[in-house]
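As a plain string of letters, each chain reads:
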Amino acid sequence: MQLPDAEQLLADLTGKIRPDVAANTALVGIYTGGVWLAERLHQDLELSLPLGTLDVSFYRDDFGQIGLHPQVKPSDIPFEVEGSHIILVDDVLYTGRTIRAAINELFDYGRPASIRLAALVDRGDRELPITAQYVGTILSLPSDKMLALEKGLGGKLSLSLYNKSLRDNE
Amino acid sequence: MNNNPQLNKNGELQHLLTTEGLPGPILLNILDTAESFVGVTERDVKKVPLLRGKSIFNLFFEPSTRTRTTFEIAAKRLSADVVNLNIAASSQSKGETLLDTVNNLSAMHADMFVVRHSQSGTAHLIARHVRAEIHIINAGDGRHAHPTQGLLDMFTIRHYKRDFHNLRVAIVGDILHSRVARSQIHALTTLGVPEVRVIAPKTLLPAKVERLGVHVYHDMAQGLKDVDVLLMLRLQNERMLSARLPSAEEYFKYYGLTQEKLALARPDAIVLHPGPMNRGVEIDSAVADGKQSVILPQVTFGIAVRMAVMSILAGN
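Quick look at the structure, then.

**Quick notes on the overall build of chain A**
Summing up its helical and strand segments, chain A has four helices and seven strands in all. Put simply, chain A runs from its N terminus to its C terminus through helices and strands in the order α-β-α-β-α-β-α-β-β-β-β. A globule of 170 residues ought to have a C-alpha radius of gyration of about 15 Å, and chain A, at 15 Å, matches this closely. Its C-alpha atoms give chain A principal-axis dimensions of about 45 × 40 × 30 Å. Across the 170 residues in chain A, those meeting the buried criterion constitute 49%. Looking at chain A alone, contacts between residues at least 24 apart form 67% of all its contacts between residues at least 6 apart. A total of about 8100 Å² of accessible surface is found on chain A, and carbon and sulfur atoms cover 48% of it. Across chain A, the centroid of the 16 positively charged side chains sits 3 Å from that of the 24 negatively charged ones.

Here's what the structure looks like:
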């Protein structure tokens, strides 16, 4: 199956977010792919508030089934969450469970004025009432496939498709 | 198959009983996970929902305020429910056996026991006895092991020195009676510290301590030379009565860490102590409160390390 070009999708996504950027707009990337995207967006959109990163491992709802994810990264929110307008960034929006965990984590830092969501790919099949305000593209994929963002030499981003049995679903 | 009672059949950490025999990757995973929890403990909301609904029992058969409190705080910051059992004042004094106590608490659907006991091997005994879904953390057993203290010391060392592979580390004091020293030595050698020294009078060293892979010194001037990290041990008052030492003053004169003795180590050396300190016995106040002391950061990091251990165990 021919996957879309991640660099082109990122350019489209940047264009969609740009009109809404204000002085109190903050970007928060979700590890790992969302952080790569958020770094690029942060640079291209020339945001003044520093970039935030989230590892939602401590807020996931599948701890009881699969335990703690190895290599948990430290979350870092270097701006005042209280009253800020946050755009969460993730690579693939699927069940919505990661976003639920991320929203819960953000509220433990403070009460933002608003949270919006940007995703490079929306592959549908939501299990929670969550939607993205900014989407690179919509893709319909079989449930046994896993879509992942990868970072190559020189920081070039690309999308890859895996069989779920070979890799854990992120 | 492995015979390590701490690991499950997949080689994952099932119980934390001792740092001895734990693979390096497992130790590093605990330190890395703790790194993420340090950020949590610095927020306004110092709590994550990870262990919501889990019941953790602190079983302290030996008095301890500090260690019990740090485990309690760690469990609460993971949203677990914590029950503290002061065993001296409970059924044990009515004649109930240790394993009966554990059986009764297991029947109350405990998920984890944090065990401190004056008898070496108690945590191992309980770990062999409980159902597979219950996890045991050894919070100190006799002279044997105090693994979370050893791990938080490793975390502190890595925080300030970044890497273990070019360090000289000296452990100073009552090695003979110290479960902390044993846990430190096993963790340091597993993590690749090339030179671990122990500095103590002959009466406070175990026989054949060299077999643990350490260099033995009886003299601070020689032992502290070029050292990067000083791990001070608490001198327990009861040792003084056992005729192993002439007096606290005499001990301080030869082994107490003063600014003058610290100057023999590297200028950027750090000083750790597991607490509670005997000022003027094993450590001088000027050092304990000095700029090379990282004794209070150790306490802060201890919470994050215990959160990491609890969450890794609960997930395996």
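Anyway, onward from the coordinates.
**Side note on helix α6 (residues 179-190) of chain B**
Residues and elements named next belong to chain B. Along its 12 residues, α6 runs 17 Å from first to last C-alpha, staying within 8% of the 16 Å computed at 1.5 Å per residue. Among the 12 residues that make up α6, 10 are buried, leaving the element largely enclosed by the rest of the structure. Those residues of α6 that sit buried are R179, V180, A181, R182, S183, Q184, I185, H186, A187 and L188. The N-terminus of α6 is capped by S178, whose side-chain oxygen sits 3.3 Å from the backbone nitrogen of V180. Downstream of α6 by one or two residues, G192 has phi in the positive range, about 95°.

**Here we look at unusual backbone geometry**
Looking along the chain, the bond that leaves Y31 of chain A and enters T32 of chain A is cis, with omega of -5°. By the element assignment, T32 of chain A lies in the loop between β1 (25-30) and α2 (33-44). Cis geometry marks the peptide bond from G275 of chain B to P276 of chain B; its omega dihedral reads -10°. Along the chain, P276 of chain B falls in the loop between β9 (270-272) and α11 (285-288). Even without being a glycine, E46 of chain A presents a positive backbone phi close to 50°. With respect to the element layout, E46 of chain A can be found in the loop between α2 and β2 (52-54).

**A look at the interface of chain A and chain B**
Often, the extent of an interface is quoted as the loss of accessible area on bringing the components together. If you look at the interface, chain A gives 14 residues, while chain B gives 18 residues. Three residues stand out in chain A for area buried against chain B, namely F58, F63 and D108 of chain A, and they jointly supply 48% of the buried area on that side. One can count two salt bridges joining chain A with chain B. Residue R43 of chain B pairs with D108 of chain A through a salt bridge whose shortest N-O separation is 3.6 Å. Inspection of the region where chain A meets chain B yields four residue pairs in polar contact (both at pLDDT 80 or more).

**A short note on the packing of helix α1 (residues 24-41) of chain B against helix α12 (residues 295-315) of chain B**
All names here are of chain B. α12 packs onto α1 with a crossing angle of 120° between their chain directions and a minimal axis gap of 7 Å. Classified by the angle between their axes, α1 and α12 sit oblique to one another. Our pair here, α1 against α12, has a crossing hand that is right-handed. Facing N29, I30, T33, A34, F37, V38, V40 and T41 of α1, the residues of α12 in contact are F301, I303, A304, V305, M307, A308, V309, S311 and I312. In terms of residue class, the contact of α1 with α12 is built from 13 nonpolar, four polar and no charged.

**Side note on the sheet that holds β9 of chain B**
Residues and elements named next belong to chain B. With respect to topology, five strands assemble into an open sheet ordered β7-β6-β5-β8-β9, the strand pairing being parallel. Two strands bound the open sheet, and with one partner strand each, they are β7 (215-217) and β9. Pairwise comparison of adjacent strand axes, ignoring direction, gives a mean angle of 20° for this sheet. Direction of pairing for strand β5 (residues 168-172) relative to strand β6 (residues 195-199): parallel, over a ladder of five bridges. Pairing of A170 across the sheet is with R197, part of β6.

**Let's talk about the packing of aromatic side chains**
Summed over all chains, the structure comprises four aromatic pairs over all chains. On the numbers, 3.9 Å between centres and 10° between planes, the contact of F58 of chain A with F37 of chain B is stacked. A residue pair is termed interchain when its members come from two chains, as with F58 of chain A in the loop between β2 and α3 (63-66) and F37 of chain B in helix α1. Pair check on accessibility: F58 of chain A and F37 of chain B agree, each one buried. It is K73 of chain A that lies over the ring of Y31 of chain A; its NZ or CZ is 5.7 Å from the centre. Sitting over the ring of F71 of chain B, R306 of chain B keeps its end group 4.8 Å from the ring centre.

**Thoughts on the environment of A118 of chain A**
Residue and element names in this part refer to chain A. Relative to the assigned elements, A118 resides in strand β4 (residues 114-122). Along the backbone, A118 and A38 are 80 residues apart, and their C-alpha atoms lie at a distance of 9.4 Å. With residues up to four places along the chain from it excluded, the contact list for A118 reads L13, I17, I87, L88, V89, D90 and Y134.

**Thoughts on the packing of α1 of chain B against helix α5 (residues 147-161) of chain B**
Residues and elements named next belong to chain B. Across the interface, α1 lies against α5 with an axial gap of 10 Å and an inter-helix angle of 70°. Looking at the two axes, α1 sits roughly perpendicular to α5. Between α1 and α5, the contacting residues are L27, L28, I30, L31, D32, A34, E35 and V38 on the first element and L151, M154, F155 and R158 on the second.

**Some words on the pattern of salt bridges**
Residues and elements named next belong to chain B. In this structure the tally under the stated criterion is 22 salt bridges over all chains. Measuring nitrogen to oxygen at the nearest pair gives 2.9 Å for the salt bridge that ties E133 to R131. The exposure class assigned to R131 is partly exposed, which follows from its relative accessible area of 39%. Between D268 and K161 there is a salt bridge, with its nearest N and O atoms 3.6 Å apart. Of this pair, D268 sits in the loop between α10 (259-262) and β9 while K161 sits in helix α5, placing them 107 residues apart in sequence. Judged by its relative accessible area of 16%, K161 falls in the buried class.

So, how was this worked out
Residues numbered from 1 in each chain as written. Chains lettered and ligands numbered in written order. Predicted model: local features only at pLDDT ≥ 70, side-chain atom pairs only at ≥ 80, totals over all residues. Heavy atoms only, no water. Helix = DSSP H or I, 4+ residues; strand = E, 2+ residues; numbered from the N terminus. Rg over C-alpha atoms; globule rule 2.2 N^0.38 Å. Buried < 20%, exposed > 50% of the residue type's maximum accessible area, 1.4 Å probe, protein only. Contact = heavy atoms within 4.5 Å. Areas by Shrake-Rupley, 256 points an atom, 1.4 Å probe, with all protein chains shown as cover. Lys, Arg positive; Asp, Glu negative; His and termini not counted. Charge placed at Lys NZ, Arg CZ, Asp CG, Glu CD. Expected span 1.5 Å × (residues − 1). Polar contact = N/O pair within 3.5 Å; in protein donor to acceptor, adjacent residues only side chain to side chain. Buried area = accessible area lost by both parts, 1.4 Å probe. Salt bridge = Lys/Arg side-chain N within 4 Å of Asp/Glu carboxyl O. Axes fitted to C-alpha atoms, helices over the stretch in contact; angles between N-to-C directions. Parallel < 35°, antiparallel > 145°, perpendicular 65-115°, else oblique. Left-handed = near helix turned anticlockwise from the far one by under 90°. Nonpolar A, V, L, I, M, F, W, Y, C, P; charged D, E, K, R; others polar. Pairing = 2+ DSSP bridges. Phe/Tyr/Trp six-rings, centres within 6.5 Å; stacked < 30°, edge-to-face > 60°. Lys NZ or Arg CZ within 6 Å of the ring centre and 35° of its normal.

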